[in-house]
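# Report on the structure
Spelled out, the chains give:
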Amino acid sequence: MALLRTKELTKRFDGLVANNAIDLEVPQGSLFAVIGPNGAGKTTFFSMVSGFLSSTSGSIEFDGRDITRVPQHEIAAMGLVRTFQLVQLFKGMSVAENVEVGCHLATKGGVAASLFRPAWFRKQELEVRERAHELLEFVGLSAHADLDAELLPYGQQRLLEVARAMAAKPKLLLLDEPAAGLNTQETEGLAHIIQKINAQGTTVLLIEHDVALVTRIAHRIAVLDFGRKIAEGTPEEIKAHPEVIAAYLGVEETSNA
Ligand SMILES: Nc1ncnc2c1ncn2[C@@H]1O[C@H](COP(=O)(O)OP(=O)(O)O)[C@@H](O)[C@H]1O
Ligand SMILES: [Mg+2]
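Residues numbered from 1 in each chain as written. Chains lettered and ligands numbered in written order. Predicted model: local features only at pLDDT ≥ 70, side-chain atom pairs only at ≥ 80, totals over all residues. Heavy atoms only, no water.

## Section: the coordination of the magnesium ion (ligand 2)
Around the magnesium ion (ligand 2), the donor atoms from the protein are Thr43 (OG1) and Gln85 (OE1), and they sit 2.0 to 2.3 Å away. With threonine 43 in helix α1 (residues 42-49) and glutamine 85 in the loop between β6 (80-82) and α3 (95-104), this pair connects stretches of sequence that are 42 residues apart. For threonine 43, a relative accessible area of 28% corresponds to the partly exposed category. (Donors = N, O, S within 2.8 Å, 3.2 Å for Na, K, Ca; no water. Helix = DSSP H or I, 4+ residues; strand = E, 2+ residues; numbered from the N terminus. Buried < 20%, exposed > 50% of the residue type's maximum accessible area, 1.4 Å probe, protein only.)

Take a look at the structure:
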C-alpha cells in the first residue's frame with residue numbers, strides 16, 4: 001500500500017516549472033529517496049507534500065486521504081513530518097527542550113492544562129521528558145541534553161533535528177538533505193540512524209545529494225532533473241540508468257545549496 005501518492009504534482013514559480021507533473025508512490029514501510037542536481041525541484045516537492053507550499057496543480061494523498069489543500073499543521077498532526085535543508089532548531093532552548101517541543105505535537109493539553117496541571121497532565125509531562133530522553137539516546141546525544149542547542153557542533157545539530165522530528169511519532173518522515181555538511185564519519189552515523197528509524201516501522205522519504213549514501217540505504221530511488229522525474233527504480237537500476245548518469249552521476253557537484 002502507498003502511504004504517500006502524488007499525481008501529476010506541479011509547481012510553477014512565474015515562468016519556472018519547479019515540479020512538472022510528478023507521479024510518486026511511497027510504499028508503507030519503505031525507505032525511499034529522491035535525488036537530483038541542485039535546483040532539480042526536490043525541496044519544492046517536499047514543501048508541497050508537507051503543506052508549506054501550495055501546488056499549482058495535481059494531487060497529494062497521504063494515509064488514504066487527499067491532503068492537496070490541507071493546511072500544514074493538520075498534515076503534521078496526521079503524521080507527516082519534515083526536516084529542513086538548513087538547520088532550524090529552536091534557539092535559546094536546550095537540546096532536550098528542543099525534542100520535548102517536538103513531543104508536544106503528539107500529546108494533548110493546551111493552556112488550561114498547563115495552568116492547572118491536573119494529574120494526567122503531570123503524568124504526560126513526565127512521559128514527554130522520558131520520550132525525549134529515549135530519542136536523544138537513540139541519536140547519541142543524551143550526554144548533551146542540558147546544553148544550549150545552538151552550542152552543539154553542526155553535525156550534532158542535524159541529529160537533534162532528526163530526534164525532534166521523530167518526537168512527533170511520524171508515520172512518514174521527510175528528511176531534506178540531512179547529511180549536508182557532515183563529514184564521512186558523521187554521515188555513516190546518520191545513515192545508521194535513518195536505517196534504524198525505518199526498521200522500527202517509520203516510512204522515510206529522504207532527499208539526498210550524497211548518491212553513495214542513498215544507493216546504499218534506500219529501497220527505491222526517484223531521480224528529479226529540471227523539475228521532472230526522469231527515472232525511478234532500485235538502487236541498482238538507478239546506478240545503471242543512462243539518463244541518470246548523464247544528468248547527475250556524471251556531473252561534478254560543487255555545492256550543497
Ligand atoms: N520560493 C521560490 N520562488 C521562486 N523560485 C523558487 C522558489 N523555490 C524554489 N525555486 C526555484 O525552483 C527550482 C527548484 O528549487 P528546489 O526545489 O529548491 O531544488 P532542489 O531542492 O532540488 O535543489 C530552482 O530553480 C529554484 O530556484
Ligand atoms: Mg533542496
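## So, the pattern of salt bridges
Applying the stated criterion across every chain, the model contains 9 salt bridges. The salt bridge involving arginine 158 is made with glutamate 161; its shortest N-O contact spans 3.5 Å. Within this pair, arginine 158 and its partner glutamate 161 are both found in helix α6 (residues 154-167), separated by 3 residues, close to a single helical turn. Look at arginine 158 and you get buried, because its relative accessible area is 3%. With relative accessibility at 4%, the residue glutamate 161 sits in the buried group. Notably, a salt bridge pairs arginine 220 with glutamate 232, separated by 2.8 Å at the nearest N-O pair. Of the two residues, arginine 220 is situated in strand β9 (residues 220-225) and glutamate 232 in strand β10 (residues 228-233); the sequence distance between them amounts to 12 residues. Linked by salt bridges that have partners in common, Arg5, Glu25 and Glu61 make up one network. (Salt bridge = Lys/Arg side-chain N within 4 Å of Asp/Glu carboxyl O.)

## Considerations on the site of ligand 1
The environment of ligand 1 is formed by Phe13, Leu16, Ala18, Pro37, Asn38, Gly39, Ala40, Gly41, Lys42, Thr43 and Thr44. Between ligand 1 and the protein, one listed contact pairs an oxygen atom with a backbone N or O atom of alanine 40 at 3.2 Å. Lysine 42 is positioned with one of its side-chain polar atoms (N or O) 2.8 Å from an oxygen atom of ligand 1. For the shell around ligand 1, the secondary-structure elements that each account for two or more residues are β2 (16-27) and α1. Here the shell around ligand 1 takes 3 residues from α1, the largest share from any one element. (Near = heavy atom within 4 Å. Polar contact = N/O pair within 3.5 Å; in protein donor to acceptor, adjacent residues only side chain to side chain.)

## Here's the deal with the sheet that holds β10
Ordered by their spatial adjacency, 6 strands build an open sheet running β6-β7-β8-β3-β9-β10, and the pairing between neighbours is mixed. The two strands at the open ends of the sheet, each matched to only one other strand, are β6 and β10. Across this sheet, the average inter-strand angle for adjacent strands is 15 degrees, counted without regard to direction. Pairing of strand β3 (residues 31-35) with β9, which is carried by 4 bridges, proceeds in the parallel orientation. Counted as the bridge partner of phenylalanine 32 is arginine 220 from β9. Where helix α7 (residues 184-199) meets the sheet, it contacts β3, β7 (172-176) and β8 (203-207), and its direction lies at approximately 150 degrees from that of β8. (Pairing = 2+ DSSP bridges. Axes fitted to C-alpha atoms, helices over the stretch in contact; angles between N-to-C directions. Contact = heavy atoms within 4.5 Å.)

## Considerations on the domain arrangement of the protein
Partitioning the protein into structural domains gives domain 1 (1-79 + 170-257) and domain 2 (90-168). Distance from the C-alpha centre of domain 1 to the C-alpha centre of domain 2: 26 Å. The partner domain 2 presents 10 residues to the 16 residues of domain 1 that form the contact. At the boundary of domain 1 with domain 2, total buried surface from both sides reaches about 1,100 Å², with 75% on carbon and sulfur atoms. Among the residues domain 1 hides against domain 2, the three largest losses belong to Pro170, Ile193 and Ile197. Together they make up 35% of the total. Taken together, the links from domain 1 to domain 2 amount to 0 salt bridges. Taken together, the links from domain 1 to domain 2 amount to 2 residue pairs in polar contact (both at pLDDT 80 or more). Within the residue set of the side of domain 1 that touches domain 2, elements represented by two or more residues are β7 and α7. (Domains from an automatic or database assignment. Buried area = accessible area lost by both parts, 1.4 Å probe.)

## With respect to the environment of glycine 227
The topology assignment puts glycine 227 in the loop between β9 and β10. Note: C-alpha distance between glycine 227 and phenylalanine 52 (175 residues apart in sequence) is 18 Å. Every residue in contact with glycine 227, bar those within four places of it in the chain, is listed here: Val17, Ala18, Asn19, Asn20, Ile22 and Ala40.

## Some details on the packing of α6 against α7
A pair of packed helices is captured by two measures, namely the crossing angle of their axes and the spacing between those axes. The interhelical angle for the contact between α6 and α7, taken along N-to-C directions, is 10 degrees, at an axis separation of 10 Å. In terms of orientation, α6 and α7 fall into the roughly parallel class. Here Gly155, Leu159, Val162 and Met166 of α6 come into contact with α7, specifically with Glu186, Leu190, Ile193 and Ile197. Classifying every residue of the contact of α6 with α7 by side-chain character gives 6 nonpolar, 1 polar and 1 charged. (Parallel < 35°, antiparallel > 145°, perpendicular 65-115°, else oblique. Nonpolar A, V, L, I, M, F, W, Y, C, P; charged D, E, K, R; others polar.)

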